[in-house]
Amino acid sequence: MEQKLAHIALVVEDYDEAIEFYSQKLNFLVIEDTKLDGDKRWVVVSPPGAVECSLLLAKATNKKQSKSIGNQTGGRVFLFLFTDDFWRDYNNMISKNIKFIREPRTEAYGTVAVFEDLYGNLWDLLEPSNLNKGILK
């Protein structure tokens, strides 16, 4: 049997502002933006080079979903953006006013810093150490 994670749903306030943030600030690719019924859309974004998993931007449709925007994991780091060049991406993100809430540091598993997306979800920007480089392949 072969299985894989295809998408992670990320609850957003507005499709277009989320697309702008991920495509313009994080340089993600818009893989799909298909209008469904009403104002619902199927919006998929992905970092360049990603093959396994992408984000499905899901607009909140009720109060319960709206309350989870920016805090889908109770304040913990939610998503992990792996890179092959930490400092290139970190400096690019700083130049685009991405807010880092934990400064870069070197850990046994790699170089890492925590940033917020446009809604306050926490992300790790992570360049794996030499021992973990195979994770990017």
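Note that the structure is predicted; figures quoted are calculated from it, not measured.

Enquirer: What is the right way to read the overall build of the chain from this model?
Expert: Tallying secondary structure elements over the chain gives three helices and eight strands in all. Going residue by residue from the N terminus, the α and β elements of the chain occur as β-α-β-β-β-α-β-α-β-β-β. Per-residue burial over the chain gives 36% buried out of 137 residues. Within the chain, residue pairs in contact and separated by at least 24 positions form 54% of the contacts whose partners lie at least 6 positions apart. Averaging the locations of the 17 positively and 20 negatively charged side chains of the chain gives two centres separated by 4 Å.

Enquirer: Can you help me understand the environment of N92 in this one?
Expert: For N92, the location among the structural elements is in helix α3 (residues 86-95). Its relative accessible area of 24% is what places N92 among the partly exposed residues. Expressed as a C-alpha distance, the spacing of N92 and N27, which sit 65 residues apart in the sequence, is 9.7 Å.

Enquirer: I tried to follow α3 on my own but got confused; where do I start?
Expert: Three or more residues of α3 are buried, namely F86, D89, Y90 and M93. Looking straight down α3, one finds its buried side chains confined to an arc of 100°; they lie on one side. Packing partners of the buried residues in α3 comprise β6 (100-107), β7 (110-116) and β8 (122-128). Following α3 by one or two positions, N97 has its phi on the positive side, about 60°.

Enquirer: What am I meant to see in the sheet that holds strand β4 (residues 54-59) here?
Expert: Read from one edge of the open sheet, four strands run β1-β4-β3-β2, paired in mixed fashion. Here the strands that pair on one side only, and so sit at the sheet edges, are β1 (7-12) and β2 (29-35). With direction set aside, neighbouring strand axes in the sheet form an average angle of 25°. With three bridges joining them, strand β3 (residues 41-46) and β4 adopt antiparallel strand pairing. The residue of β4 that forms the bridge with V43 is L57.

Enquirer: Is there a simple way to explain the UniProt feature "domain: VOC" (unreviewed entry) in the chain in this structure?
Expert: Mapped onto this structure's residue numbering, the UniProt feature "domain: VOC" (unreviewed entry) falls at residues 4-128. Along residues 4-128 the backbone is 22% helical and 42% strand, and the end-to-end C-alpha distance reaches 21 Å.

Enquirer: Whenever I open this one, the nonpolar core confuses me. Can you help?
Expert: It is characteristic of soluble globular proteins that their nonpolar side chains tend to be buried jointly. Formed by 29 residues in total, the largest nonpolar core has its most connected members in Y22, L55, L57 and F115. Sorting elements by how many residues they give to this core places helix α1 (residues 15-25) first, with five residues.

The rules behind these values
- Residues numbered from 1 in each chain as written.
- Predicted model: local features only at pLDDT ≥ 70, side-chain atom pairs only at ≥ 80, totals over all residues.
- Heavy atoms only, no water.
- Helix = DSSP H or I, 4+ residues; strand = E, 2+ residues; numbered from the N terminus.
- Buried < 20%, exposed > 50% of the residue type's maximum accessible area, 1.4 Å probe, protein only.
- Contact = heavy atoms within 4.5 Å.
- Lys, Arg positive; Asp, Glu negative; His and termini not counted.
- Charge placed at Lys NZ, Arg CZ, Asp CG, Glu CD.
- Arc of directions from axis to C-beta.
- Pairing = 2+ DSSP bridges.
- Axes fitted to C-alpha atoms, helices over the stretch in contact; angles between N-to-C directions.
- UniProt positions renumbered as here; feature names shortened; annotations may be inferred.
- Core = buried A, V, L, I, M, F, W, Y, C linked by side-chain atoms within 4.5 Å.

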